[in-house]
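Examination of the molecular architecture
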Amino acid sequence: MGAYLWLVWYNATSKISPKHWTLAITYEAHDRAYATVYEVSNEFTGYYKSRVIRRVHLTSNHPSGAYGGRILLGEVNDSVLCSLEAYSDTAADLVNSQNRKHGQESANCHNWAQVIVRSLEDAMLLPQGALARLEKCPRVG
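First, a word on what this report is: a plain description of the structure on this page. Because the structure is a prediction, the values reported are computed rather than measured.

1. Observations concerning the nonpolar core
Grouped together as the largest cluster of nonpolar side chains are 29 residues, with contacts concentrated most on Leu5, Leu7, Leu23, Leu73 and Trp112. The set of elements that each furnish at least two residues to this core consists of strand 1 (3–10), strand 2 (20–26), strand 3 (34–41), strand 5 (67–76), helix 1 (78–102), helix 2 (109–122) and helix 3 (130–135). In contact with leucine 23, not counting residues within four places along its chain, are Leu5, Trp6, Leu7, Thr36, Val37, Tyr38, Leu73, Trp112, Ile116 and Val117. Core analysis: the next-biggest nonpolar cluster, separate from the first, contains 7 residues, Val8, Tyr10, Ala24 and Ala35 among them.

This is the structure:
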């Protein structure tokens, strides 16, 4: 049985603040589907940490802001489900490395999501064009 991978974003606290992005896995493609949400958060430490939140509605609000929207990135197979947490941890390490080299907040949850989706697309585990769709999603405000 396949699953769906979504990019979900949440409204920012101001028009110039970044929206928070997460990746969500569902087994159904409707608004009230339950999801497993993957995200990175720095929780004001300056260090991004990956985490997984299970059994939340796809369109639920997030502590960082109200639900803003989503886009379906594609269907994924069991191998992606088994490895998405590892992808998330590795992408968080890359974001932290970027921030150490180029200054705090030079990379964030947007870069984290791009790394994961690019990796999955390059491995042919997501359909071509998923990264292009992600890159068009709203980032600010």
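2. Focus: the layout of surface pockets
Considering only enclosed or pocket space, the largest pocket measures out at about 540 Å³ in volume. Every residue lining the largest pocket is counted, 21 residues in all, and those nearest its centre are Pro18, His20, Asn42, Phe44 and Ser64. When residues in the lining of the largest pocket are grouped by element, the largest group, 3 residues, is from strand 3. For the lining of the largest pocket, the per-class residue count stands at 7 nonpolar, 9 polar and 5 charged.

About the thresholds
Residues numbered from 1 in each chain as written. Predicted model: local features only at pLDDT ≥ 70, side-chain atom pairs only at ≥ 80, totals over all residues. Heavy atoms only, no water. Core = buried A, V, L, I, M, F, W, Y, C linked by side-chain atoms within 4.5 Å. Buried < 20%, exposed > 50% of the residue type's maximum accessible area, 1.4 Å probe, protein only. Helix = DSSP H or I, 4+ residues; strand = E, 2+ residues; numbered from the N terminus. Contact = heavy atoms within 4.5 Å. 1 Å grid on protein atoms, 1.4 Å probe; cavity = no way out; pocket = protein on both sides within 12 Å on 5 of 7 lines; lining within 4 Å. Points joined across faces, edges and corners; volume = space filled by probe spheres on them. Nonpolar A, V, L, I, M, F, W, Y, C, P; charged D, E, K, R; others polar.

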